[in-house]
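Overview (structure and organization)
The lines below spell out each chain.
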Amino acid sequence: MWLTLKVTKRVLAKSVTVTQDNFSASENVVDIKSDREGACQKHDSDPPDGNQELTESIFNDLPSSQLLYFEKMNELSSASRTSPVSKGRDERVNSSSDKVRDPLSFYAGAERRSRPTDSSSHSKPALCKAESLKDHLKSAMTGNARAQTLQVSKTKQLKEAVLSEEIFVARKAIESPSVDIGPFYRLPSKVKDLFRQLRGIETLYEWQHDCLTLESLQQRKNLIYSLPTSGGKTLVAEIIILQELLCRQKDVLMILPYVAIVQEKVRGLSSFGIELGFLVEEYAGSKGRFPPIKRRVKKSLYIATIEKGHALVNSLIETERIDDLGLVVVDELHMLGEGSRGAILEITLAKILYTSKTTQIIGMSATLNNVGDLQKFLQAEYYTNNFRPVDLKEYIKIRDTIYAVDSKSENGFAFSRLLNFKYSSNLERADPDHIIALVTEVIPKYSCLIFCPTKKSCENVASLVCKYLKKEFRAHKEREKEDLIKNLKSIGNGTVCPVLKQTVPFGIAYHHSGLTNDERKSIEEAYSSGVLCLLACTATLAAGVNLPARRVILRSPYIGNDFLKKNQYKQMIGRAGRAGIDSAGESILIVQEKDKHLVQDLVHSPLENCYSNLLLELTKGMQSLLLSLVGLKIAVTYEEVDNFMCCTLLGVQQQLLPKEKSLSEVIKDGLENLIEKGLLKGTISEKDHNSKSALTITPLGKATYKSSIDLAYCNLLYRELRKGLEGLVLESNLHLLYLSTPYDMTFTCSPDWMIYFRQFNQLSAAERKVADIVGVPESFITKKASGQAIRKNVDNAVVNRLYLTFVLYSLLKETNIWSVSEKFNMSRGYVQNLLSSAASFASCLLHFCEELEEFWVYKALLTELTKQLTYCVKAELIPLMEVAGVLEARAKQLYNAGYKTLAHLANANPETLVRMIEHLSRRQAKQIVSSAKMLLSEKAEALQEEVEELLKVPTDIPGTH
């Protein structure tokens, strides 16, 4: 039995701690010891025994067969003994079968053997007791060969013992809200060291400590916490994530709003995964496996966008693995109230709450108001703090006067100062808002962000500022700026945006969605390293990557034509002040006289409330939810669906419902609509809404929810795929590309008819046939290009979709976003966005076809096309671009330097990379190597899982029972 315990201890050590390579021996010892102490604690009432340690050491070295024989001998000799001691031993032997099933009770029994069991034994010398025990052991050992074979086999006993202890420990782990494996918030000291090495974090803020030690967190209750931007919310989330992965040994899902932030987080946490023995998996765009691979040893951290997070949760519910997910962390929780993405986030969280009672949910945001509703929805505790590492001073500028935002003053503003800057008449006309005066007060010594209402305004402001700056500004980090220009030229295959070419020498650039991913990343890196000191940007930067500044200027209280919301304003000004660098941060909102009263309301109003979007976003909200509830068998009757809906945010906020309809009636209408569309089967009784007849999902309905296709397009998509089966043109991939062009991009497309005509004329005869098949005749394009009247009705959505298909077709042939954007007179960013949207939609389309047997022919075709659209580069660069954060320009640099495979990158020396690759910082090099190691580790783990699955002996082999 002691052999059993030793084996089991090793099993437990592996299950509780992270891989032994990553932790010191002392930490493992403490960990195992704590387990042992927890399971086998000595009762306070038991008298101490000086020889207990000696006795235990004897038992430790005793084979289990001899222990079993020793107990048997006690049983045989019990008849001739009548002492209280022998009587106690008798009782223990009688329960020996129980001890086989529960090795921990045997351990307790072993302890009791070494303790006095009656008052008379206290008078005997300790040495006699030890010798007496040794005599028994000697007798047992010498008689071992003559021992009768027990009826129960030793192997079976050992197996049962190991299994029993594993079940016991598993139960304890489930019952225990937390497992302590180290001194740093229950984590090993190594985690603290990693935060110091990789992030430069020496100590936590007081609020972070308070939050991490909350009673509610210790009890694994759901939690919402809210602090101003730059307060350090993410670090708290990361420590909680590591606790879940390492202490509780459960998988974790982290949901982030944008692809760029997902990739940044994958890069940032891969180093932790490599060092601490867990996997970091990216779920964004077309990346992600559904369902995820079930790992036997390592746990996974899934980092996902809102859409991919939803698909991942669906796949875990369907495969009955949702309880493997120990924790879900949602960044920017206020996005629950933002359109279709908010509806998808609400659906995801509602499903987790309803299907898993063991999954903890943590939500964080800088901008929350109606927290009560969110607490009720998530069944969560709430923590808030006004902490900012750097003080923020808010100002409003009207004409040449700057006012401090002051809630105590009569109109909300207090006079601060007049601008101390002399303008010539020419400059006054060019810069009536005095942006140059505000900017030159801080740059180039400090950094500055200017938020502009439109993309064009960003470029204009960047050009304006550098036009009137003194030439001394060019000398600041001149060589680094020249390198940046070279890098941008390399990204554009020899071309640089004329605006950037003009502004970068002054340390200025613009930042908006019109840039390619490579350009945007280069500009962000240059700004972070201080090469650029001023960015003119759109509001998306405030919600995206973390780029703080000493001073933030809001060019106007508008985003496009819409007046600024309080949430947006808070996010923008939250970028002011860099922790550890600036002593204070400043925000200045430039206001015209006509908007003065609106701005007064803005700066002093509360944050906007967060409301459910399930009804506003019907096909992506309510109908999508109802379909997947039935498909996943979460709720299959009207009554069950009604119960589920009460657990949503909409269920909490039923005041949002139309006055003439109750929630039950809205549900009824939604289910009937799905039945009408052919996505569900069943009937809903008019008389009895609580009908218990089960609804079932149709094959088309299943394909729709599993592929995350918008319900508004599922029937149209099905018809187009059916039509394609009758005559799919495979001479080129044009026809397949048309099917993979996302429907929702057609609304933002305005074709240039001459370009349309030229592109059409370059098609082969077979490719022109594609245009006819989809419903865009050549005569229509010709008449449009020549300005003639069109009599025949042609679907504009189809016309626009084919035009976008031509853009994608050119991209796949040329793999150069710059030349394609010029050819179609589109911004580079729009073309890039079209490409990534098409890759994502092609991935959804592939899952759609996998669920419908009739579309088997599309599977192989779409698999390859999805890969081409995801990377849109020469085949040799694809393995490098699979690494998080390696985009086309960087992949080319690495390939040309000899790093041609994933293995090359994973085994690279970061210092060598810095020397060989231009414009690569040491931090970036380390992140690339860590991300490559993580990806290689994931692939190796997946193959190992496959091998083990293949070699596993089936339990149902005929004739074995």
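Scope of this entry: the structure provided in the associated data block. (Residues numbered from 1 in each chain as written. Predicted model: local features only at pLDDT ≥ 70, side-chain atom pairs only at ≥ 80, totals over all residues. Heavy atoms only, no water.)

Moving on to the overall build of the chain. A count of helices and strands for the chain gives 46 helices and 19 strands. For the chain, buried positions account for 53% of its 961 residues. By sequence separation, contacts in the chain at least 24 residues apart represent 72% of the contacts at least 6 residues apart. Surface accessibility of the chain: about 44,400 Å² in total, with carbon and sulfur atoms responsible for 51%. (Helix = DSSP H or I, 4+ residues; strand = E, 2+ residues; numbered from the N terminus. Buried < 20%, exposed > 50% of the residue type's maximum accessible area, 1.4 Å probe, protein only. Contact = heavy atoms within 4.5 Å. Areas by Shrake-Rupley, 256 points an atom, 1.4 Å probe, with all protein chains shown as cover.)

Attention shifts here to the nonpolar core. Nonpolar side chains in soluble globular proteins generally cluster together in the buried interior. Leu349, Met645 and Leu869 are the most contacted members of the largest nonpolar core, which totals 126 residues. Considering every element that reaches this core, the biggest residue donor is helix α40 (residues 828-851), with 13 residues. In this structure Met645 touches Leu614, Met622, Leu625, Leu626, Leu650, Gly651, Leu663 and Ile667, once residues within four positions along its chain are discounted. Membership of the second largest hydrophobic core comes to 74 residues, among which are Ile435, Phe473, Tyr527 and Ala549. (Core = buried A, V, L, I, M, F, W, Y, C linked by side-chain atoms within 4.5 Å.)

With that settled, the discussion passes to the side chain of Gln832. You can see Gln832 is positioned in helix α40. For Gln832, a relative accessible area of 14% gives the class buried. Apart from the residues within four sequence positions on either side, Gln832 is in contact with Thr516, Asn517 and Ile817.

By the definition in use, this model includes 19 aromatic pairs. Summarising the aromatic geometry, the rings of Tyr354 and Phe644 are spaced 4.9 Å apart at their centres and angled 65° between planes, so their arrangement reads as edge-to-face. Note that Tyr354 is positioned in helix α16 (residues 339-355) and Phe644 in helix α29 (residues 638-645), a separation of 290 residues in sequence. Consider the rings of Tyr713 and Tyr743, whose centres lie 4.7 Å apart with planes at 15°: the pair is stacked. (Phe/Tyr/Trp six-rings, centres within 6.5 Å; stacked < 30°, edge-to-face > 60°.)

Summarising the element assignment, Asp642 is placed in helix α29. Among all residues touching Asp642, those that are not within four sequence positions of it are Ser664 and Ile667.

Moving on, we get to the pattern of salt bridges. Counted under the stated rule, the structure contains 38 salt bridges. Put simply, Arg220 and Glu244 hold a salt bridge, and the shortest N to O gap is 2.8 Å. In this pair, Arg220 is assigned in the loop between α12 (215-218) and β1 (222-226) and Glu244 in helix α13 (residues 233-247), connecting sequence segments 24 residues apart. In this structure, the salt-bridge partner of Arg295 is Glu281, at a minimum N-O distance of 3.2 Å. Here the residue Arg295 occupies a position in the loop between β3 (279-283) and β4 (300-304), and Glu281 occupies one in strand β3, the gap between them amounting to 14 residues. By sharing partners, the salt bridges in this structure join Arg296, Glu945, Glu948, Glu949 and Lys952 into a single network. (Salt bridge = Lys/Arg side-chain N within 4 Å of Asp/Glu carboxyl O.)

What the seven strands build is an open sheet, ordered β3-β4-β2-β5-β6-β1-β7; its pairing is parallel. Looking at strand neighbours, the two that pair on one side only are β3 and β7 (380-384), the edges of this open sheet. Across this sheet, the average inter-strand angle for adjacent strands is 15°, counted without regard to direction. Note that strand β2 (residues 251-255) and β4 share four bridges and pair parallel. Its bridge partner being in β4, Met254 is matched across the sheet by Ile303. (Pairing = 2+ DSSP bridges. Axes fitted to C-alpha atoms, helices over the stretch in contact; angles between N-to-C directions.)

Residues Leu725, Trp856 and Val857 make up a contiguous nonpolar surface patch of about 300 Å² in total accessible area. Tracing the chain through its elements places Trp856 in helix α41 (residues 856-871). Take Trp856: its relative accessible area is 60%, and that puts it in the exposed class. (Patch = residues over 30% accessible without salt bridge, like charges linked within 9 Å, V, L, I, M, F, W, Y side chains within 5 Å.)

A separate point is the packing of α13 against helix α14 (residues 259-276). Two elements in contact, α13 and α14, have axes whose closest approach is 13 Å; the angle formed by their N-to-C orientations is 35°. Crossing handedness for the pair α13 and α14: right-handed. Across from Thr234, Glu238, Leu242 and Leu246 in α13, the residues of α14 making contact are Lys265, Leu269, Phe272 and Leu276. Each residue belonging to the contact of α13 with α14 can be placed in one class, and the counts come to five nonpolar, one polar and two charged. (Left-handed = near helix turned anticlockwise from the far one by under 90°. Nonpolar A, V, L, I, M, F, W, Y, C, P; charged D, E, K, R; others polar.)

This next bit is on α41. Leu862 marks the point of greatest bend in α41, at about 30°. Every buried residue of α41 is listed here: Tyr858, Leu862, Leu865, Thr866, Leu869 and Tyr871. At its buried positions, α41 is contacted by α33 (714-727), α34 (734-740), α38 (796-814), α40 and α42 (878-881). Just downstream of α41, Cys872 is the residue with a positive phi angle, here 45°. (Bend = angle between axes of the 7 residues up to and from the residue.)

Leaving glycine out, the prevailing phi sign among residues is negative, and the prevailing peptide bond configuration is trans. At the junction of Phe290 and Pro291, the peptide bond is cis and its omega measures out at -10° in the coordinates. Here Pro291 shows up in the loop between β3 and β4. Look at the link from Ile443 to Pro444: it is a cis peptide, with omega at 0°. Along the chain, the position of Pro444 falls in the loop between α19 (435-440) and β11 (448-451). Here Arg399, not a glycine, exhibits a phi torsion of approximately 55°, which is positive. The class for Arg399 is exposed, based on a relative accessible area of 57%.

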